[in-house]
Amino acid sequence: RAEKHFLPAKLINGGIAGLIGVTCVFPIDLAKTRLQNQQNGQRMYTSMSDCLIKTIRSEGYFGMYRGAAVNLTLVTPEKAIKLAANDFFRHHLSKDGKKLTLLREMLAGCGAGTCQVIVTTPMEMLKIQLQDAGRIAAQKKLMAAQAQLSSSSGAGAAEPAVERRPTATQITRELLRSKGIAGLYKGLGATLLRDVPFSIVYFPLFANLNKLGQKDPNVKAPFYVSFLSGCVAGSTAAVAVNPCDVIKTRLQSLQRGVNEDTYSGILDCTKKIWQKEGPMAFLKGAYCRALVIAPLFGIAQVVYFIGIAEFLLDMLPKHRA
């Protein structure tokens, strides 16, 4: 396969993979965000299924896809950068085509994770506000209903006003107006703390699992081996860095529910979660995240390794001729 298409093809493949993956698993990601953000004071959901059922009842079927437009717009450059950067670093860290050592594989993953946060941080920032808006609205509605019941008569009480939920464009404008570009990069440190270790675990694990399915080092592994390798490596890395994901989600949430803590930084967030919710709180949404990441990266690696983009780019000169 011609090397002239190397970088464009990798970018296109990563983008296609991201779009397919996000479309398939977004509702689970919404449940993960809401489960991670709820604190012990006012728990709205008991599990992923409970969260999704309540979301459909209160917000309709498309309520599960709140924030999906942001993800679908930005996941293409995010996944493209992540996968292409890993290949770039692996290529430059390999000596004369020799097999990479585990340390060099981890360094390549570290480079990929660092590059992707340029897109990941603002994407996650906007997505979290949209995903969590329904939980906060439902919590306020519940509190208003409880207040009506506890009042002496309760009769003639006005219905709580329906809140208009902001769009991604409105949130972006407000953040840029009030805090500048730094507003979109709130939680950058926590995002790095999650994505760099994730890539350090994921990419070497995937590469080594995928090699097990290769009969010949010069021939690609079957697509199902790439899919399963992506699933196993993705879910393993996702669970491993879930504490960092909980911290990132809490720090990036601009709106808080009733009686919920606010945080000044990574250390403050870690301390308050540990003291008030216990160590198990750092595993909130872990199985949701594993369910999101496993197929997302499984699909990503299949598209990436099949090389749809290389085929399309190779066809272009033929049509021009």
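Small disclaimer: the values here were computed from a predicted structure and weren't measured.

Novice: Help me understand the pattern of salt bridges in this model?
Specialist: Charged atoms that come close allow side chains of opposite charge to pair. Under the defined criterion, the tally for this structure stands at 17 salt bridges. Glu-59 is paired through a salt bridge with Arg-34; the nearest N and O atoms lie 2.9 Å apart. Pair noted here: Glu-59 is in helix α2 (residues 48-59) and Arg-34 is in helix α1 (residues 6-37), with a separation of 25 residues, a long-range link. As far as the burial class goes, Glu-59 and Arg-34 line up, both buried. Put simply, Asp-268 and Lys-272 hold a salt bridge, and the shortest N to O gap is 3.4 Å. Linking Asp-268 with Lys-272, this pair stays in helix α10 (residues 266-277), spanning four residues, or about one helical turn. Taken together, the shared-partner salt bridges in this structure form one network comprising Asp-29, Lys-32, Glu-124, Lys-127, Arg-194, Asp-195, Asp-245 and Lys-248.

Novice: Honestly, the packing of aromatic side chains in this entry has me stumped. Any pointers?
Specialist: Aromatic ring pairs are described here by two measures, namely the spacing of the ring centres and the angle between the planes. A complete count under the given rule lists eight aromatic pairs for this structure. Ring geometry for Tyr-61 and Phe-62: centres 5.3 Å apart, planes at 80 degrees, overall edge-to-face. With relative accessibility at 48%, the residue Tyr-61 sits in the partly exposed group. For Phe-62, a relative accessible area of 67% corresponds to the exposed category. When the centroid spacing of 5.7 Å and the interplanar angle of 10 degrees are considered together, the rings of Phe-198 and Tyr-202 count as stacked. Of this pair, Phe-198 and Tyr-202 both sit in helix α7 (residues 188-211), four residues apart, which is roughly one turn of the helix. One exposure class covers both Phe-198 and Tyr-202, and it is buried. Aromatic ring contacts, followed pair by pair, group Phe-26, Tyr-61, Phe-62 and Tyr-65 into a single cluster.

Novice: Got a minute to help me understand a nonpolar patch on the surface in this structure?
Specialist: On the surface, a nonpolar cluster with roughly 430 Å² of combined accessible area is contributed by Phe-223, Tyr-224, Phe-227 and Leu-228. Residue classification places Tyr-224 among the partly exposed positions, given a relative accessible area of 47%.

Novice: Sorry, what's going on with the packing of α7 against helix α8 (residues 223-240) here?
Specialist: Each pair of packed helices gets described by two things: the angle between the helix axes and the distance between those axes. Following both chains from N to C, one finds α7 and α8 inclined at 150 degrees, their axes separated by 8 Å at the closest point. As summarised for this structure, α7 and α8 are arranged roughly antiparallel, according to the angle between their axes. The handedness of the crossing between α7 and α8 is right-handed. The residues of α8 that touch α7, namely those facing Phe-198, Val-201, Tyr-202, Leu-205, Phe-206, Leu-209 and Asn-210, are Val-225, Ser-226, Ser-229, Gly-230, Val-232, Ala-233, Gly-234, Thr-236, Ala-237 and Ala-238.

Novice: What should I look at first to understand the nonpolar core in this one?
Specialist: It is characteristic of soluble globular proteins that their nonpolar side chains tend to be buried jointly. Core analysis: the largest hydrophobic core is formed by 22 residues, its most contacted members being Val-22, Phe-198, Tyr-202, Phe-203, Ile-293, Leu-296 and Phe-297. Every element with two or more residues in this core is listed here: α1, α3 (68-93), α7, α8 and α11 (286-306). Looking at which element gives the most residues to this core, the answer is α11, with six residues. Dropping the residues within four chain positions of it, Phe-198 is found in contact with Lys-82, Gly-234, Ala-237, Ala-238, Val-241, Arg-289, Ile-293 and Phe-297. Counting residues in each nonpolar core, the second largest holds twelve residues, with Val-25, Ala-31, Met-48 and Val-292 among its members.

Novice: Would you take a moment to explain the environment of Leu-100 for this structure?
Specialist: By the element assignment, Leu-100 lies in the loop between α3 and α4 (102-150). Those residues in contact with Leu-100 that sit more than four places away from it in its chain are Arg-90, Leu-93, Ser-94 and Glu-105.

Novice: Honestly, α2 in this entry has me stumped. Any pointers?
Specialist: For the α-helix, the turn length of 3.6 residues means that residues three or four positions removed from each other point alike. Taking 1.5 Å per residue as the helical rise, α2 with its twelve residues ought to reach 16 Å, and the 16 Å between its terminal C-alpha atoms agrees with that figure. Phi for Gly-60, located one or two positions after α2, is positive at around 85 degrees.

Novice: Help me understand the environment of Lys-82, please; the structure alone is not making it clear to me.
Specialist: Tracing the backbone shows Lys-82 in helix α3. Each C-alpha atom, one on Lys-82 and one on Cys-115, is 6.9 Å from the other, the two residues being 33 residues apart in sequence. Ignoring any residue separated from it by four or fewer positions in sequence, one finds Lys-82 in contact with Ala-112, Gln-116, Phe-198, Ser-199, Phe-203 and Phe-297. Separated by 2.3 Å, the side chains of Lys-82 and Gln-116 make a polar contact. Within the structure, Lys-82 has its side chain in polar contact with the side chain of Ser-199 (distance 3.3 Å).

Rules and cut-offs
Residues numbered from 1 in each chain as written. Predicted model: local features only at pLDDT ≥ 70, side-chain atom pairs only at ≥ 80, totals over all residues. Heavy atoms only, no water. Salt bridge = Lys/Arg side-chain N within 4 Å of Asp/Glu carboxyl O. Helix = DSSP H or I, 4+ residues; strand = E, 2+ residues; numbered from the N terminus. Buried < 20%, exposed > 50% of the residue type's maximum accessible area, 1.4 Å probe, protein only. Phe/Tyr/Trp six-rings, centres within 6.5 Å; stacked < 30°, edge-to-face > 60°. Patch = residues over 30% accessible without salt bridge, like charges linked within 9 Å, V, L, I, M, F, W, Y side chains within 5 Å. Areas by Shrake-Rupley, 256 points an atom, 1.4 Å probe, with all protein chains shown as cover. Axes fitted to C-alpha atoms, helices over the stretch in contact; angles between N-to-C directions. Parallel < 35°, antiparallel > 145°, perpendicular 65-115°, else oblique. Left-handed = near helix turned anticlockwise from the far one by under 90°. Contact = heavy atoms within 4.5 Å. Core = buried A, V, L, I, M, F, W, Y, C linked by side-chain atoms within 4.5 Å. Expected span 1.5 Å × (residues − 1). Polar contact = N/O pair within 3.5 Å; in protein donor to acceptor, adjacent residues only side chain to side chain.

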